[in-house]
Amino acid sequence: MVSYTLFGIIKAIFLSLYPKRYKMKPSVFLKQQRKQSSLTQEELAAKAGVGLRLVREIEQGKTTMRMDKVNQILALFGAELAVISKAQKHG
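So, how was this worked out
- Residues numbered from 1 in each chain as written.
- Predicted model: local features only at pLDDT ≥ 70, side-chain atom pairs only at ≥ 80, totals over all residues.
- Heavy atoms only, no water.
- Helix = DSSP H or I, 4+ residues; strand = E, 2+ residues; numbered from the N terminus.
- Buried < 20%, exposed > 50% of the residue type's maximum accessible area, 1.4 Å probe, protein only.
- Contact = heavy atoms within 4.5 Å.
- Areas by Shrake-Rupley, 256 points an atom, 1.4 Å probe, with all protein chains shown as cover.
- Core = buried A, V, L, I, M, F, W, Y, C linked by side-chain atoms within 4.5 Å.
- Axes fitted to C-alpha atoms, helices over the stretch in contact; angles between N-to-C directions.
- Left-handed = near helix turned anticlockwise from the far one by under 90°.
- Nonpolar A, V, L, I, M, F, W, Y, C, P; charged D, E, K, R; others polar.

Trainee: Let's hear about the overall build of the protein chain: which residues, and what values?
Mentor: Each helix and strand counted, the protein chain has 6 helices and 0 strands in total. Sequence-ordered secondary structure for the protein chain, helices as α and strands as β, is α-α-α-α-α-α. Burial statistics for the protein chain: of 91 residues in total, 36% are counted as buried. Within the protein chain, residue pairs in contact and separated by at least 24 positions form 49% of the contacts whose partners lie at least 6 positions apart. Just so you have it, the protein chain exposes about 6100 Å², and 53% of that area is on carbon and sulfur atoms.

This is the structure we're talking about:
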C-alpha cells in the first residue's frame, strides 16, 4: 500500500494550479482563499459542512487528515485534491 501525506498531496495540487507561486504553503493557500472570500473559519466550516477543528488544523499545517473532508473545503474554491504522477510534475 502506498502512503501519501496530505501535505504532499495538497502541495502537488497547489503546484499544478499555481506553478509560479510554488513557495506558498498549502495552509497559506487555504487561509488566503478564505480571507479573500471574507469568511471566518467558522463560516468556512459551516459552508463546507466540516468541523471548525478541521479548518483550523489545515490552516495550521497539519499533514494527516481525511482527503474527502479536505475536498469538501477546497470545492468551495473550485479546487480538489488529486494525485499527480512524478512524470507530470517534472515533465
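Trainee: Please set out the nonpolar core residue by residue, giving values where relevant.
Mentor: L30, L44, V50, I58, V70, I73 and L74 are the most contacted members of the largest nonpolar core, which has 19 residues in total. Put simply, the parts of the chain that give this core at least two residues each are α1 (6–17), α2 (26–36), α3 (41–48), α4 (52–59) and α5 (67–74). Each residue touching L30, except ones within four places of it in the same chain, is listed here: L44, I58, E59, I73, L74 and F77.

Trainee: Quick rundown of the packing of α3 against α4? Include the residues and the values.
Mentor: Following both chains from N to C, one finds α3 and α4 inclined at 120°, their axes separated by 8 Å at the closest point. Here the hand of the crossing between α3 and α4 comes out right-handed. In contact with Q41, E42, L44 and A45 of α3, α4 contributes L52, V55, R56 and E59. Class assignment for the residues of the contact of α3 with α4 results in 4 nonpolar, 1 polar and 3 charged.

Purely geometric numbers; function is a separate question.
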